[in-house]
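Structure at a glance
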Amino acid sequence: MLLCACSFLALELQTQAVAQGYKTQEEVNAENRAAKKAESMMHSGKLEDAIFFLNGELAAMPRSAILHFELGNAHLRLREFTRAIECYQQAVRLRNPFPEACLNAAYACIDAGMELQAIPWFHKYLRENPNASNAKDVEAQLLVAHAKAQMKEKRNFDAKQTLERALQISPSSEIVLFALARVRSELGDTQGAIHAYEELLRVNPRHSSALLNMAECYQTSGQLMKAVTWLKKYAAGNPNAPEIGQVHNMIQALTEKSSEQKSDPQAPDYCGAISEAGRFYRWPPNRLPIKVWVSMGEGVPGYKPEFRVGFFDALNSWMKAGQGRLQYMLVNSKEQADLTAEWTGDPYDVKPTGHNVEQGVCHLASVDRHKDFIEIDRADIRILTIDRQSQQPLSDEEMKKTCLHELGHSMGLQGHSTNNHDIMFFSMSNTNWPVLSRRDKATLFMIYQNYQPLMSAQHE
Ligand SMILES: [Zn+2]
C-alpha cells in the first residue's frame, strides 16, 4: 500500500556541455533530441520501447550522461530498481554534479526498500545544492529515510523522534506526515496517528493510502462508523482501485458489526456489550469458590513456567475486581475442576467460531434456568504459547494479556469492549496494557455486585 511520494525529476535539457566546449553543437542536439523522444515514449507508457531506443542511442553515444539518466528513469518506472540505480551512477560518473540523477538515485533506493543506501545520495545532493529551492524537502526526505531504517530495526521510538525533527523542517511534507502516522500507529498511539493523517489529508485530500489507514485507525479504536466514513471516502475517490471489492466488503461488514455494538467506548462500563437481552452470564453462588485446574504445560512447544504464573496473576486480578464476591480454589485434577486451562503450540487448537484472531479460546458451558441471569456450568480455556502471526514464543506481557482476556470470558464477560484500552477489546491490540482497565473492573463488578462478599479474603 505504501507508495513513495517522491515523484522523480524530469530533466531540464541544458546547453552547459556546449558552453564547456567538449561537445559539438551537433552532438548536443542529437543527445537532446534522443532524450526528448525517450521522454515522450515514457510519457505514453511505452517503457520497454524507450529502453530499447535508449540502449540503441547509447551504443552510438556511450558517454551521454543525459541518456543514461533517461534510461534510469525508464527502469525506475518499471520498478527495476537495481538497473535504475546503475544508470544514475553512470550518469553521475559522466557528469558531476548531476543533481537530478543524484536525487532520482536516492528515490530509486527508497522505492527498492534500501533506505540506508539512499542516505549518501541525499547528502551528496544537499552538499552540492545547498541553496536549491527544494533543499528543505530533501532534508526532510533524508530524515524519513533514516526513520524508515530505524523502524526496520524496531527502533520505533527513535524513528518517531527523527520524524518529528523532519516535520519541523518541512511541516506540510506528505511523506513525513505519512511516515509519522505509521510510526505512531506502530507505537500504539492511534490518536496521534489520526492527527498526522488529518494533517496529511489537509495537504492532499486525495492521498489514498492515508484514507485507508485512517479507516484502520478508527477500526482499531473501535469507532466502526467513523472507519466506514473513511472507507467510503476512499471508495468514492478510487472507484477503479484493484482492492475496491475488498473495501466494499469491509464497509458492509463494519456497518453490520457497528449496528451490533451496544456500548459506548467512553461509558464507565461495557455491560451492554457482554449481556444477552439484559441478562448476564455468571457463576452461580453455589459453584463458588470456582474449582480451578491449570495444566503444567509438559511437552507443549513454547511453554514456559512463567506463563502459569501470568495465568494466576490474571486470575487474581479478576478476583480482586469482584471485591471479595468471587473466589477460586485449586483442585488436583482436571476432572474435579469447573474452570480448566490448557496450553497448546498449535494455532488450529484455538480457533473459536466467531473471532479467530485471539491467542486463546474460552469454551463456556451454560444452563439457562430462565432466571435473571444465565448460569455458567463450566469454562475450558485453551491458550496458544506462540504468536499466531509471527510463530515466535509469546512474551510474558502478551501472555498476561491473553490470560486476562480469556479469563474475562470465563467469568461471564461474553462479548467484547469497543474501547481499545480495555483488556476485553475485540482484537489483540498494542494499545491495551497487561492489566484490567477501570472499565473491565467495573463491568465484572456489575455482574456480581449483588453477591455476598465471601468470608475469607481473596487469594493473595
Ligand atoms: Zn475474546
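Residues numbered from 1 in each chain as written. Predicted model: local features only at pLDDT ≥ 70, side-chain atom pairs only at ≥ 80, totals over all residues. Heavy atoms only, no water.

Some remarks on the overall build of the protein chain
Per the secondary structure count, the protein chain includes 18 helices and 6 strands. Taking 2.2 N^0.38 as the reference for a compact globule, 460 residues should give roughly 23 Å; the C-alpha atoms of the protein chain span a radius of gyration of 30 Å, well beyond that estimate. Working note: accessible area of the protein chain is about 22,900 Å², and carbon and sulfur atoms make up 50% of it. Charge centroids of the protein chain, computed over 49 positive and 54 negative side chains, lie 2 Å from each other. (Helix = DSSP H or I, 4+ residues; strand = E, 2+ residues; numbered from the N terminus. Rg over C-alpha atoms; globule rule 2.2 N^0.38 Å. Areas by Shrake-Rupley, 256 points an atom, 1.4 Å probe, with all protein chains shown as cover. Lys, Arg positive; Asp, Glu negative; His and termini not counted. Charge placed at Lys NZ, Arg CZ, Asp CG, Glu CD.)

Some details on the pairing of strand β6 (residues 373–384)
Where strand β1 (residues 280–282) meets β6, 3 bridges bridge the pair, whose relative direction is parallel. Counterpart to Phe280 in the pairing with β6 is Phe373. By the bridge criterion, 6 bridges tie strand β4 (residues 339–344) to β6 in an arrangement that is parallel. Considered in β6, the bridge of Thr344 is made with Leu384. Sheet topology note: the strand β5 (residues 360–367)/β6 ladder contains 8 bridges and is antiparallel. Residue pairing for β6: Val361 is matched across the bridge by Arg382. Linking β5 to β6, which pair antiparallel, is a turn of 5 residues; within it His370 sits at a positive phi near 55°. (Pairing = 2+ DSSP bridges.)

Thoughts on unusual backbone geometry
For the bond from Asn96 to Pro97, the omega torsion is 0°, close enough to zero to count as cis. For Pro97, the location among the structural elements is in the loop between α5 (81–94) and α6 (99–111). In this chain, Leu288 is followed by Pro289 through a cis amide linkage whose omega measures -10°. Even without a glycine there, the phi angle at Lys154 is positive, about 65°. Here Lys154 lies in the loop between α8 (135–152) and α9 (156–169). Lys154 sits in the exposed class, given a relative accessible area of 64%. At His370, a position not held by glycine, the phi torsion is positive, near 55°. (Buried < 20%, exposed > 50% of the residue type's maximum accessible area, 1.4 Å probe, protein only.)

Some thoughts on helix α16 (residues 305–321)
When the terminal C-alpha atoms of α16 are compared, their 25 Å separation across 17 residues agrees well with the 24 Å that a helix rising 1.5 Å per residue should span. Where α16 is concerned, the buried positions are Phe307, Gly310, Phe311, Phe312, Ala314, Leu315, Asn316, Trp318, Met319 and Ala321. Those residues of α16 hidden inside the fold are in contact with β2 (290–294), β3 (328–330), β4, β6, α17 (396–410) and α18 (438–448). Gln323 lies just past α16 and shows a positive phi near 50°. (Expected span 1.5 Å × (residues − 1). Contact = heavy atoms within 4.5 Å.)

Some points on α9
Taking 1.5 Å per residue as the helical rise, α9 with its 14 residues ought to reach 20 Å, and the 20 Å between its terminal C-alpha atoms agrees with that figure. For α9, the complete set of buried residues consists of Asn156, Ala159, Lys160, Thr162, Leu163 and Ala166. Each buried residue of α9 sits inside an arc of 165° when the element is viewed along its axis, so together they form one side. Along α9, the residues that are exposed and aim more than 90 degrees away from the buried face are Arg165 and Gln168. (Arc of directions from axis to C-beta.)

Some thoughts on the nonpolar core
The biggest cluster of nonpolar side chains holds 47 residues, and the ones touching the most others in it are Phe311, Trp318, Trp343 and Met411. Listed by contribution, the elements that provide at least two residues to this core are α15 (271–274), β1, β2, α16, β4, β6, α17 and α18. Tallying contributions element by element places α16 first for this core, with 8 residues. When sequence neighbours within four positions are dropped, the list of residues in contact with Met411 reads Tyr281, Trp283, Ile290, Leu315, Trp318, Met319, Leu326, Leu339, Ile376, Leu444 and Tyr448. (Core = buried A, V, L, I, M, F, W, Y, C linked by side-chain atoms within 4.5 Å.)

Focus on the pattern of salt bridges
Evaluation of the coordinates by the stated rule reveals 18 salt bridges. Measuring nitrogen to oxygen at the nearest pair gives 3.0 Å for the salt bridge that ties Arg155 to Asp158. Overall, the relative accessible area of 30% leaves Asp158 in the partly exposed class. Between Asp380 and Arg378 there is a salt bridge; the shortest N-O distance is 2.9 Å. By relative accessible area, which is 23% here, Asp380 ends up partly exposed. Look at the salt bridges and you will find they share partners, linking Glu153, Arg155 and Asp158 into a network. (Salt bridge = Lys/Arg side-chain N within 4 Å of Asp/Glu carboxyl O.)

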